[in-house]
Amino acid sequence: MNPELLEKIRGLVGPEHFLTGVELSPYVLEGRTPDAAVFPGSIEEISAILALASEAEVPVTPWGGGTKMAIGSPPTRVGLVLGLKRLGRLIEHEPGDLTATVQAGMSLGAFQAEVGRRGQWLSLDPGFAEQATLGGILATNASGPRRHLYGTARDLLIGVTVVAADGSVVRGGGKVVKNVAGYDLPKLYIGSFGTLGVIVEATFKLRPLPDVDRCFLARFGGLKECGLALKELLTSDLIPSAVELLDSEAARGAGLVAGTDGGGTLLVGFDGLEAQVGWQCEEARRLFEAVGLVEHRVLDGAARDQAWRAASELPRRVVAEAAAQMKLAVLPAHVTDVIEQAGGVAQRHSLGAAFVAHAGIGIARGVLTGGRDSARAVADVLGEWREIAKAAGGSALVEWAPLAVKEAAAVWDPPGPAFRIMQRIKAQLDPRGILNPGRFVGGI
């Protein structure tokens, strides 16, 4: 990168917020080291940096907490890493309106603690809450077990401020719930992986904290029984806040069961009033006993939180020796069948696998273990998993894998008919292609 440009950027943020050389090791992306990492402290500084980068056509990689940076194809170019950790302030909280506006660099955990003091919460629960920033959660459309009842970021975001590739500041939505007329601009940036703009502020809808929040853990003799229990649950009058399915390897790794008995485990969340939650737990036990329930527990407090955290953070925290991770999105009715097929494929290639799924909405994550010395074998399994998801009418995404595996296996599914529209939007919002180039679907 042009040394004069680097000096200009260093002058904008100050030398203490500008990293080069060996200090860049935490920001190496798919084996490529950026020229610099810069940490602006205001929207104005971000705007000035992007304007300079755009003029010089220097690639910029937005960086929040870094928990989702492994998602995406290897970058075609790496120039600047734009860290948002200095934008970590709660700007405004209106408890009466159940809304809050926050800077994008604030972590989810810190935000929940702030609004929790007023008896409210943001109903998003992706893993690694202490690291994951709200801007990163929006950019990757990250979610957790409670999306079963409460939805995703698209259901909760009502306003957003974004710095575009040319440095202009764009605001969409507002600070009240009913504010949308015409195109809903904030939704465009959710799940765009930083390829359309840098999210710097967001306004969310909040919810009151429930009186009672419990997790019903149900263990079954096999995945087939888990599937039957899931069907009973989803066709009943119960209203679970979360439904997670773990195969035996995942449940053992998460510390929820002992041994490897080939069984399956359901984690079912219920929240609300004490009497309602108590009735729903008892009704779940009655339904599950009819389809082979082996044992059950009702978890509360720290045990409940640990169970949800283990399910959300299985790939990187619970299964530390992972060789790759893939997300498989299928119809809920096909979840257990897809997991059984995918597990069989891994076994045939002499690899281990653990699966956890948002079973009620049909999103499963498979973690491959072993095979670290054979990228070809790992890539072959991922390829077969993708075909299984496709045969079930779904899709697949490699969420994490070493560079050698990514060079042998596609990260994204082939782009569909909407790709031309995506390309045109990208060309309008980032005509010089400087934002996170090459990492999104179809090389966007």
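For the structure, see preceding data.
These notes cover the structure that comes with them.

What counts, and at which threshold
Residues numbered from 1 in each chain as written. Predicted model: local features only at pLDDT ≥ 70, side-chain atom pairs only at ≥ 80, totals over all residues. Heavy atoms only, no water. Buried < 20%, exposed > 50% of the residue type's maximum accessible area, 1.4 Å probe, protein only. Helix = DSSP H or I, 4+ residues; strand = E, 2+ residues; numbered from the N terminus. Pairing = 2+ DSSP bridges. Contact = heavy atoms within 4.5 Å. Phe/Tyr/Trp six-rings, centres within 6.5 Å; stacked < 30°, edge-to-face > 60°. Lys NZ or Arg CZ within 6 Å of the ring centre and 35° of its normal. Axes fitted to C-alpha atoms, helices over the stretch in contact; angles between N-to-C directions. Salt bridge = Lys/Arg side-chain N within 4 Å of Asp/Glu carboxyl O. Core = buried A, V, L, I, M, F, W, Y, C linked by side-chain atoms within 4.5 Å.

1. Comments concerning the pairing of strand S17 (residues 352-358)
Thinking step 1. Taken across its seven residues, S17 has six buried, putting it largely inside the fold.
Thinking step 2. In this structure, strand S13 (residues 242-247) lies alongside S17, joined through three bridges in antiparallel fashion. Note on S17: the bridge partner recorded for Leu245 is Ala357.
Thinking step 3. Relative to strand S18 (residues 363-369), S17 is paired through seven bridges, and the arrangement is antiparallel. Its bridge partner lying in S18, Ala357 is registered against Ala364.

2. Description of the environment of Val294
Thinking step 1. Checked against the element boundaries, Val294 lands in strand S15 (residues 293-299).
Thinking step 2. For Val294, a relative accessible area of 46% gives the class partly exposed.
Thinking step 3. Along the primary structure Val294 and Thr265 are separated by 29 residues, whereas in three dimensions their C-alpha atoms are 9.8 Å apart.
Thinking step 4. Those residues in contact with Val294 that sit more than four places away from it in its chain are Arg219, Phe220 and Gly221.

3. With respect to the packing of aromatic side chains
Thinking step 1. Tallied over the entire structure, the rule returns 10 aromatic pairs.
Thinking step 2. Ring-pair connections join several aromatic residues into one group, and the members of that group are Tyr27, Phe39 and Trp63.
Thinking step 3. Geometry around Phe39 places Lys85 over its ring, the cationic atom sitting 4.6 Å from the centre.

4. Points about the sheet that holds S13
Thinking step 1. Read from one edge of the open sheet, eight strands run S15-S12-S14-S13-S17-S18-S16-S19, paired in antiparallel fashion. Each having just a single partner strand, S15 and strand S19 (395-400) make up the two edges of the open sheet. Neighbour to neighbour, the strand axes of the sheet diverge by 20° on average, direction disregarded.
Thinking step 2. Bridge analysis of strand S12 (residues 212-220) against S15 gives six bridges, and the strand direction is antiparallel. If you follow Ala218 over to S15, its bridge partner there is His296.
Thinking step 3. Relative to the sheet, helix H11 (residues 301-312) contacts S12, S13, strand S14 (264-272), S15 and S17, its axis offset from that of S14 by approximately 125°.

5. A closer look at the pattern of salt bridges
Any two side chains of opposite charge can pair, so long as their charged atoms come close to each other.
Thinking step 1. Evaluation of the coordinates by the stated rule reveals 21 salt bridges.
Thinking step 2. We note a salt bridge from Glu30 to Lys406, for which the minimum N-O separation is 2.4 Å. Of this pair, Glu30 sits in the loop between strand S1 (18-19) and strand S2 (36-38) while Lys406 sits in helix H15 (residues 403-406); the two residues are 376 residues apart in sequence, bridging distant segments of the chain.
Thinking step 3. Three or more residues joined by partner-sharing salt bridges are found here, namely Arg214, Glu274, Asp300, Arg304 and Asp305.

6. Examining the nonpolar core
Thinking step 1. Core analysis: the largest hydrophobic core is formed by 62 residues, its most contacted members being Phe220, Phe288, Leu368, Leu382 and Trp385.
Thinking step 2. Sort the elements by how many residues they give to this core and helix H14 (residues 375-391) lands first, with seven residues.
Thinking step 3. In this structure, Leu108, Ala132, Leu134 and Phe204 belong to the second largest nonpolar core, which totals 26 residues.

7. Details of the sheet that holds strand S5 (residues 90-94)
Thinking step 1. Pairing within the open sheet is antiparallel, and its five strands lie in the order S5-S6-S10-S8-S9. In this open sheet, the two strands that pair with only one neighbour each are S5 and strand S9 (169-173). Ignoring strand direction, the axes of neighbouring strands in this sheet form an average angle of 10°.
Thinking step 2. Direction of pairing for S5 relative to strand S6 (residues 99-103): antiparallel, over a ladder of four bridges. For Glu94, the partnering residue across the bridge sits in S6 and is Thr99.
Thinking step 3. Across the face of the sheet, helix H2 (residues 43-56) comes into contact with strand S8 (157-163), S9 and strand S10 (198-205) while running at roughly 50° to S8.

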